[in-house]
Amino acid sequence: MKSIKLAISGLKMPIVGLGTWRAQPEEIEKAVNVALECGYRHIDTAFNYNTEESIGKVLNQWIDSGRVKREELFITTKLPNFGNRPSEVECFLKLSLKKLQLEYIDLYLMHMPFSFHLNETTMAPLINKDGTFSLDPVDFVETWKVMEDQVKKGLCKAIGVSNFNAEQLQRLINNSEIKPDVLQVELHAYLQQKDLREVCSRLNVAVTAYSPLGSPGANNHFSTKYDYSLDDFPDILGHPDVKELASKYNKTPGQILLKHLIQQDVIVIPKSGNPHRIKSNIDLFNFNLDQADVERLDRLDRAEKGRIFNFMFFKGVENHPHYPFKRSKQ
């Protein structure tokens, strides 16, 4: 397994991890077991995925049985957008540690640059009577200072952010003692984030791609829960160029898309509950794409038109001062 050495913490982060968003407990337990058996050592989750307890159960079984050592694992979880206040960072981190049955997190991410007020009854974002989310204008720079404290306390080894734009990332770095090690963003063939990746390279911030296959399993979820159109979920796996390259290399379309990213040192966290695909998604290290084929896939980029997740399913989020997809400076 290839790893990316993080610039600030010095940790080695496996370049392929298992994503765990939007899965039921039994599915997650099965997926994590299969993943560990296939050689995955990097698991990505978040407080609001509601998967931490299931993941912790499996990790605890593997560690107790001696099949894996804690130091061989790289576990990422995230501070929820309804816990972005400085006073609540440590509380949510400790809740995640308890659920995961771990003494420390390898990488703790601020999940969003924007924040919502907390509904303490549901432990979810507070929603106003008109259906809009209750926006909390807390400054992510202030929250980050408490994230730094968690590293100093040993509750996490490294810290980073998710869904930040380039200006927000730069502002955070300009106002921090411990710099972010990782930026996790939506990144796939249709949204290659080239400018943002150049900024991250200059700032020594590693990039993790979520939905690296275009989130093919999320279309029904979003069309049902948030009234998204299925047209908002393009079939990247079925693109003729991707299918042709899969035939050329005798690989699956998913392997071609993932290889395109990891060959450029982008960390990927594909999510799957299918044992065959879990195994396939990590079987990426016995071939390389020719440069001409890398460039062919590069040309699939649709820039912002390729974005799937703009978070507008959080009704009213575009009015938050730190909503990340505005063109104006933060």
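Here, the structure is the one placed above.
(A) Seen up close, the packing of aromatic side chains. For the structure shown, the criterion picks out 18 aromatic pairs. For the ring pair phenylalanine 311 and phenylalanine 313, a centre distance of 6.0 Å and an interplane angle of 75° mean the geometry is edge-to-face. Given the relative accessible area of 14%, phenylalanine 313 is considered buried. Each member of the aromatic cluster is reached from another via a ring pair, and the members are Phe114, Phe116, Phe133, Phe311, Phe313, Phe314, Tyr323 and Phe325. The ring of tyrosine 190 has arginine 302 sitting right over it, with the charged end atom 3.7 Å from the ring centre.

(B) Spotlight on the nonpolar core. Among the nonpolar cores identified, the biggest contains 89 residues, and Tyr108 and Leu183 are the most heavily contacted of them. Top contributing element to this core by residue count: helix α1 (residues 25-38), with six residues. Setting aside residues up to four positions removed in sequence, tyrosine 108 forms contacts with Thr77, Lys78, Leu79, Val89, Phe92, Leu93, Met147, Cys156, Ala158, Ile159 and Gly160.

(C) Spatial organisation of the pairing of strand β11 (residues 156-162). For β11, the buried fraction is high: six of the seven residues fall into the buried class. In the classification by handedness, the crossover that spans β11, the intervening helix α5 (residues 166-174) and the parallel strand β12 (residues 182-186) is right-handed.

Reading the values: rules and limits
Residues numbered from 1 in each chain as written. Predicted model: local features only at pLDDT ≥ 70, side-chain atom pairs only at ≥ 80, totals over all residues. Heavy atoms only, no water. Phe/Tyr/Trp six-rings, centres within 6.5 Å; stacked < 30°, edge-to-face > 60°. Buried < 20%, exposed > 50% of the residue type's maximum accessible area, 1.4 Å probe, protein only. Lys NZ or Arg CZ within 6 Å of the ring centre and 35° of its normal. Core = buried A, V, L, I, M, F, W, Y, C linked by side-chain atoms within 4.5 Å. Helix = DSSP H or I, 4+ residues; strand = E, 2+ residues; numbered from the N terminus. Contact = heavy atoms within 4.5 Å. Right-handed = clockwise from strand over helix to strand, strands pointing away.

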